[in-house]
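So the chains spell out like this:
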Amino acid sequence: MDYRAPKGTADMLPETARAWEHMQRTAQELFARYGYQPLYPPVFEHTEIFARGIGEATDIVSKEMYTFEDRGGRSVTLRPEATASIVRASLEHNLVPPGSVAKLYFMGPMFRYERPQAGRMRQFWQIDAEILGAAEPSADAEMIALLARYFETLGITGTTLLVNSMGDDACRPQYREKVRAYIREHSEQLCEECARRADTNPLRAFDCKKPTCRDVMDLAPKLRDELCRDCAAHYSAVKGYLDDLGIAYVEDPSLVRGLDYYTRTVFEIQAPGLGAQNAIGGGGRYDRLMEQFGGPPTPGLGFALGFERTLLVMQAQGLRVPAPATAEVYVARAQPEVASAVFELAARLREAGISAELDHQARSLKSQFKQADRLGARLALVVGPDELAGGEVTVRAMATSQERRAPLSGIAEVLQGLLAEG
Ligand code: HAM
């Protein structure tokens, strides 16, 4: 029996979990200002949702999915990303009737069978935002601005925003043929997989991280130079809006992203110091995905950001997540016979909005104080038979050990006053 968590997964221990909750709260507050609503799809879907949505020839679908047959003989897959699910759910529940726009966000775990390393996990956590029904380039710019603003709100600095356009059905097919021909011409210099991609999915060769493949693909024809008029106009309008907002970006003509559903705008935010796993968030437009799922033509776009990588950046930049007080007041008992009074008092304080802790291990008074210190309590209440008889308790300032008596009735207000004084 192996009592460790499976490779590529991690227990989110309290400090990390607090960071995740902080990131979620930050997203909830910020996304609400941009008009987003939450939508939580299931953790697994019918496999074809991802296979068709993300694309059979992508690494995610061909190598990384957690796919299995359920007991009913259906093939299901733990979601490797959220976009396909959100589009499926929007179609199923008619969330985007013709002419309307839906803005949705989601946060939760994703599953990809990847080679684990720092910032790359098999179960990882994403925050995802999607807009369905908006075709205008202003939506692209708003989406990109939201992602950039999110990292800024967390306090992260030094990121680079990359943008590119993937074209659409009018210009990409011809372009794909050009890349296919280019790959065939250079197949000797490319790795086996990239050479094979000429047949399956030539644009994926831009994703290869091998330096030799990169050098070859750097010189490949670029879609930027082959965009049709509409795509070129859209791309230039997106950049115009970003300029208006003062958002700095770098155009990266080899940014193709690892999913096949993209059309037109794609973008990625990279952070320094993360090595190869430097993309902390990315996304783009997917104007054909809803139709691919049998729905009406509905433009869409979105992004997802990764919790683990974002946390690594926050740690590297010394950004601390505020820890909520868990035991502002420690209610100590001087004698075992006052246990029930202590128990009730702690409950009363919690009701009054004060975080209070008490002893559940029959500790001596001295070790209760030690425990109060360990927990970071600022105040301790000492309850003894004498105090109780006089309708009072002793209030002890943990930092100075100074004590004074206070009436038991109205003690919550007294403590609130003291805690507010600092
Ligand atoms: P993605 O680029 O595959 O896009 O993932 C988004 C982010 O999730 C990445 O930038 C990275 O921070 C994080 N991430 C991805 N894989 C891992 C992993 N194995 N371990 C840790 N973090 C990881 C998508 O998922 C698209 N659904 C984004 C999107 C939404 N496009 C349109 N709408």
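Residues numbered from 1 in each chain as written. Predicted model: local features only at pLDDT ≥ 70, side-chain atom pairs only at ≥ 80, totals over all residues. Heavy atoms only, no water.

1. Topic: the pairing of strand β16 (residues 403–407)
As paired elements, strand β15 (residues 392–397) and β16 share five bridges and run antiparallel to each other. For R396, the partnering residue across the bridge sits in β16 and is E403. Counting the residues in the hairpin turn of β15 and β16 gives five residues, including S401, whose phi is positive at 65 degrees. (Pairing = 2+ DSSP bridges. Helix = DSSP H or I, 4+ residues; strand = E, 2+ residues; numbered from the N terminus.)

2. Here's the deal with the side chain of R333
Within the fold, R333 resides in strand β12 (residues 329–333). Judged by its relative accessible area of 17%, R333 is buried. Aside from chain neighbours lying at most four places away, what touches R333 is V338, A339, V342, D359, A362, L365, Q368 and V383. (Buried < 20%, exposed > 50% of the residue type's maximum accessible area, 1.4 Å probe, protein only. Contact = heavy atoms within 4.5 Å.)

3. Re the packing of helix α1 (residues 14–33) against helix α5 (residues 137–154)
Across the interface, α1 lies against α5 with an axial gap of 10 Å and an inter-helix angle of 130 degrees. Relative to α5, the element α1 is oriented oblique. The hand of the α1/α5 crossing is right-handed. Note on element contacts: α5 touches α1 through L146, R149, Y150, T153 and L154, opposite H22, M23, T26, A27, L30 and F31. Classifying every residue of the contact of α1 with α5 gives seven nonpolar, three polar and one charged. (Axes fitted to C-alpha atoms, helices over the stretch in contact; angles between N-to-C directions. Parallel < 35°, antiparallel > 145°, perpendicular 65-115°, else oblique. Left-handed = near helix turned anticlockwise from the far one by under 90°. Nonpolar A, V, L, I, M, F, W, Y, C, P; charged D, E, K, R; others polar.)

4. Overview of the domain arrangement of the protein
Per the domain assignment, the segments making up the protein are domain 1 (14–171 + 227–316) and domain 2 (329–421). Each of domain 1 and domain 2 has a C-alpha centre, and these two points are 49 Å apart. (Domains from an automatic or database assignment.)

5. Thoughts on the environment of E69
Looking at where E69 falls in the secondary structure, it is placed in strand β3 (residues 66–69). The class for E69 is exposed, based on a relative accessible area of 60%. Considered as a pair, E69 and T47 are 22 residues apart in the sequence and their alpha carbons are 9.6 Å apart. Setting aside anything within four residues of it in sequence, one finds E69 in contact with R74 and S75.

6. Focus: unusual backbone geometry
Located in the positive-phi region is R257, a residue other than glycine, with phi close to 65 degrees. Its place among the elements puts R257 in the loop between β8 (250–251) and β9 (263–270). The class of R257 is buried, set by a relative accessible area of 13%. Here the phi dihedral of R264 falls at roughly 55 degrees; this positive angle occurs in a residue that is not glycine. Note on placement: R264 falls in strand β9. When its relative accessible area of 15% is taken as the criterion, R264 is described as buried.

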